[in-house]
Amino acid sequence: MGPKSKKSASKKKKLSKAERLRLLQEEEERRLKEEDEARLKSEKEELERLETERAEKEKWHRLEVKDLGRRNVELEELSLLEGCFPEAEKLKRDTRALSKWKHYIQCDGSPDPSVPQEMNTFISLWEEETKETFEQVIEKSKLVLSLIQKLKLTLLETPSCDLPDRTIEHHQGSILRLQELLHLKFNIATELLLGHASTLADLDSGNMEKVIQDENVTLYMWANLKKNPRCRSVKFSETQIGFEIPRLLATSNIALRLLHTRYDHVTPFPPYPVTAPVEQEHIPVETEPFRVSQAMTEKAAPAEKAVTLEMPEKQGDQLDPTQERGLSLIQEEEAKVEAEEDTLIHRLQVSVQEEEETTVNKCELEMTLLSEAVSTAQLRLIENSLEKPEINEEKEVDLCQFSILGGVYHLDILELPPQCKPVKGWMIVEILKDGLQKFMYPPETHEEPDPESTFPPIEVTLEVHENVIFFEDPKVIRWDDEGKIWRTDGISNIFYNREERLITFGLETFGPVTLIQDTHINMPYQSWELRPLGMNKVLLSVTTLFAEIQIHIKGNLCMLASVKLRDQEHGSHLEGKWMTPVPFILALKEAGLNIFPTKHSHFYVVINNKVPLVEMKAYRQMALLSSAYAFSWSKWNFYCDSTRVIFRAKEHLAKEPENRPWALLMFNGDRAQMLRIREDSEVFSEALKDETEFHATLYHMVKDFASVEAMDRVRHADCQFIDSVCHMLLSTRVLTYS
């Protein structure tokens, strides 16, 4: 039964040829139907896409036409708003002139650093003083350092159009002479101090130890009076600073000097970028009104005499012929005088009007030229050098890549001069003609050097200045006086104690040494934000890999608000000190908080390169809006090309952070638009946000959605405040280095 049933089942399953054809035909019809449906769907989608593109193009075209129609009006309005930049520069000129006047009326005996004759007299008179003690030189150094700082700020703050080449040469020459003379004075004072070393000897060791400390200079002096070969460890009292010296120096007639200057007068001052000054046309004020007024006065004098002629008294009702002729002459003279007065008054009015027009034209021309000079100076702040600085030697330090921090440590081994001797109530001392002499270590005259290093490196322990922040262990470099460069060789066994801020190393030959840190250790930034804190006050926050730096900008002044290192507050000596932008930037750099790229920085940092002109225009317009609008970093700025910048913006009127949503703005220098995407979108798109339009400026872009109070703040912002915010944005270059 089993096999038969299987056989009958197979017969039932077998299809006829007609049925197979029918099934194939149905399958083919179904396939064709699906293909037709897919084709129709695709065609419909394509038509919808084309219709959408057509609508978008039409909308885009309408917006472009509308934008072009109002572009000139918007640019003219922006030009009026940006008049704050030349106005701020004009106020800076007035401030510089006022500072000269204030110095003049102080009469404190200090020279005016901007006057070469006064500087030459000051330097010449100080050169003649040869018996100053170290304390006296330190006290005088405060004035000298102040003069040097003023000259440097003059070169950095004054636009090139206001600095002739001759003035630049004078200022740089005065800086160099003051630096050299100050160090010479320290050497002379050291010689005088060492001449009395025996009278200052320590009772326990028998050697002289002297520490003189000041805010700018600290002297550590040790004189080897006993020459004890077992006294090879020199530690200055109450400090960890000192030396481990070899036997040769322990038995020699020497003195060790460590002169720590908080400033750097060793590195050559970088050359000032000399540019051709902008020639300003001189338009003299016409003196015609004065001449007309003078002529009118001269004419009016006889007229007054004619008018004040006494009228003859009437004798009866009738006048005789002689009196009638006199009266007629008087009336004619009065008519002539009145006619002349009218003519002169008319001429005077015309002349005054011409003078006012001339003055207005002169002011307009002056502001136009000043505006061009300011724009040129701002563009120079963000220019990128085309050539990387050349390093000629293998061990030379690239000062464009590294920054000197904490000043310079002048290490010297000196020959101990003859000591003074008391003789019958007198102090007799031998004065050497050649002055202070250095002791050569290692000695130059040795025939065959010992392979076991007869002249080992001298171990030095220094204290890192407390006002300097090192984000990594500092590197030690030394000055090569012959090549006039900083070098990394000749230094070994560097150890840094971060808790006690002590650095120990071996030094083959003594000379100036210093500590360096990577200039771009805080670049590129991870994020940034510019937030208003009220009228004419903002907070600029820059977050880097190691720190979060917050800067207050108020009026024309800047202040370090806070520094967070690894999410912990770090106190700084700069907190609470208000300074103008240029000195403030220099102070932050000297403290190790360098967030200010130079024209060479792009060779050492991976940046988001942008066209400098686009970048400058964005910073200027962000500064104009900064009293009422907050701006922040956007990740999409990295995805657009170099001709566009993208950042976030929102209206911000309260002092505390607000929860308003951010808008994404894209700007290419000539057109601003609001993007449809958000910061958390997955794909970048330049599509325009719905219900928004193009505008020629950022100001008019945000104006479409701004409140009345916000626009009122923007229009009434102080010009010096806007200029300071713009300067900080140009100096940090947050759109390129984030």
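Residues numbered from 1 in each chain as written. Predicted model: local features only at pLDDT ≥ 70, side-chain atom pairs only at ≥ 80, totals over all residues. Heavy atoms only, no water.

Draft legend 1. Spatial organisation of the sheet that holds strand β21 (residues 645-651). Taken together, the nine strands give an open sheet; going across it, the order is β19-β18-β17-β16-β15-β20-β21-β22-β23, and neighbouring strands pair in antiparallel fashion. Looking at the sheet topology across the chains shown, the edges are occupied by β19 (568-569) and β23 (672-674). Of the pairings in the sheet, the one linking strand β18 (residues 557-565) to β19 comprises two bridges and is antiparallel in character. Across the sheet, L565 pairs through a bridge with Q568, a residue of β19. (Pairing = 2+ DSSP bridges. Helix = DSSP H or I, 4+ residues; strand = E, 2+ residues; numbered from the N terminus.)

Draft legend 2. View of a nonpolar patch on the surface. Taken together, the side chains of L98, W101, Y104 and I105 define a hydrophobic patch exposed on the protein surface, amounting to about 470 Å² of accessible area. For W101, the location among the structural elements is in helix α3 (residues 84-106). (Patch = residues over 30% accessible without salt bridge, like charges linked within 9 Å, V, L, I, M, F, W, Y side chains within 5 Å. Areas by Shrake-Rupley, 256 points an atom, 1.4 Å probe, with all protein chains shown as cover. Salt bridge = Lys/Arg side-chain N within 4 Å of Asp/Glu carboxyl O.)

Draft legend 3. Quick peek at the environment of T239. By secondary structure assignment, the location of T239 is in the loop between β3 (233-235) and β4 (242-244). Taking the C-alpha atoms as reference points, T239 and L462, separated by 223 residues in sequence, lie 9.6 Å from one another. A distance of 2.8 Å separates a polar side-chain atom of T239 from the backbone oxygen of F236. Polar side-chain contacts of T239 include one of 3.4 Å to the backbone nitrogen of I241. (Polar contact = N/O pair within 3.5 Å; in protein donor to acceptor, adjacent residues only side chain to side chain.)

Draft legend 4. Looking closely at the side chain of R70. Assignment of secondary structure puts R70 in helix α2 (residues 17-81). The buried category is assigned to R70, whose relative accessible area is 18%. Within polar-contact distance, the side chain of R70 engages the side chain of E693 at 2.9 Å. Discounting residues that sit within four places of it in the chain, R70 has contacts with E693, F694 and H695. (Buried < 20%, exposed > 50% of the residue type's maximum accessible area, 1.4 Å probe, protein only. Contact = heavy atoms within 4.5 Å.)

Draft legend 5. How the structure looks around the pairing of strand β2 (residues 217-223). Burial of β2 is extensive: seven of the seven residues sit out of reach of the surface. Side-chain alternation along β2 places V217, L219, M221 and A223 on one buried face and T218, Y220 and W222 on a second face that is also buried. Between strand β1 (residues 208-213) and β2, which pair antiparallel one after the other, the connecting turn spans three residues. The pairing of β2 with strand β5 (residues 254-261) spans seven bridges and is classified as antiparallel. Residue pairing in the sheet places T218 in a bridge with H260 of β5.

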